[in-house]
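# Descriptive structure summary
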Amino acid sequence: MTSRHRFLQTLLSSLALAIPLTSLAAPPPGRLLAAQCAQCHGTNGRSVSGIDSLVGESAQELYNEMREMKNKSGDAGNIMHPVAMAYTDQQLQLIAQYFAGLKK
């Protein structure tokens, strides 16, 4: 391989690294935070069990319900209190907006 070919190969490799990876765009806000919800509420908020689905609810309603569960204590049989406690109010809003934005 000539030095000119090596130069061109190096140049092209460098240019390829400089191109933004648009196909690897960040996930929608709240999606990663909402991943834990799938354990009970189903993938993308679509429950296949007796637990409520989250998709199709308004962001405000979902947020209000999560805030209520976060602030409720003494219900040992409800897993949602400790789960909701792990999130900030801003994170709860992002989760609610994510589920509200999914198509039913």
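Here goes a summary of the coordinates provided. (Residues numbered from 1 in each chain as written. Predicted model: local features only at pLDDT ≥ 70, side-chain atom pairs only at ≥ 80, totals over all residues. Heavy atoms only, no water.)

### Describing the overall build of the chain
Which entries qualify depends on this criterion: For helices the rule is a DSSP run of H or I covering at least 4 residues; for strands it is a run of E covering at least 2, with both sets numbered from the N terminus onward. Contacts: residue pairs with any heavy atoms within 4.5 Å of one another. We get accessible surface area from the Shrake-Rupley algorithm with a probe of 1.4 Å; when it comes to residues, only the shown protein chains can shield them.
In terms of helices and strands, the chain carries six helices and zero strands. Put simply, the chain runs from its N terminus to its C terminus through helices and strands in the order α-α-α-α-α-α. Taking the intrachain contacts of the chain between residues at least 6 apart in sequence as the baseline, contacts between residues at least 24 apart amount to 59%. Summed over its atoms, the accessible surface of the chain is roughly 7700 Å², and 58% of this surface lies on carbon and sulfur atoms.

### Concerning the nonpolar core
The test is simple: What is meant by a nonpolar core is a set of buried Ala, Val, Leu, Ile, Met, Phe, Trp, Tyr and Cys residues, joined one to another through side-chain atoms within 4.5 Å. Only protein chains enter the area calculation, which uses a 1.4 Å probe; residues under 20% of their type maximum are buried, those over 50% are exposed, and those in between are partly exposed.
Among the nonpolar cores identified, the biggest contains 13 residues, and Leu62, Met66, Ile95 and Phe99 are the most heavily contacted of them. Every element with two or more residues in this core is listed here: helix H4 (59-71) and helix H6 (89-101). Considering every element that reaches this core, the biggest residue donor is H6, with five residues.

### Quick look at the state of the cysteines
In plain terms, the rule: Cysteine sulfur atoms that come within 2.5 Å of each other are treated as a disulfide pair.
Under the criterion given, the structure shown has zero disulfides. No disulfide involves Cys37; its sulfur sits 8.7 Å from the nearest other cysteine sulfur, which is in Cys40. Accessibility expressed as a relative area gives 15% for Cys37, which makes it buried.

### Comments concerning H4
Applied cut-off: An expected span of 1.5 Å times one less than the residue number is assigned to each helix. The arc refers to the directions leading from the helix axis to the C-beta atoms.
For H4, built from 13 residues, the straight-helix expectation of 18 Å at 1.5 Å per residue is met to within 8% by its first-to-last C-alpha distance of 18 Å. Looking only at H4, the buried set comprises Leu62, Tyr63, Met66 and Lys70. The buried residues of H4 all sit within an arc of 95° when viewed along its axis, so they share a single face. Opposite the buried face of H4, by more than 90 degrees, sit the exposed residues Gln60, Glu68 and Asn71.

### Remarks on H6
Here H6 is 13 residues long and its end C-alpha atoms lie 18 Å apart, about the 18 Å a rise of 1.5 Å per residue gives. When we look at burial in H6, the residues that qualify are Leu92, Ile95, Ala96, Tyr98 and Phe99. The arc enclosing the buried residues of H6, seen along the axis, measures out at 160°, which places them on a common side. Exposed residues pointing more than 90 degrees away from the buried face of H6 are listed as Gln90 and Gly101. Those residues of H6 hidden inside the fold are in contact with helix H2 (31-34), H4 and helix H5 (80-85).

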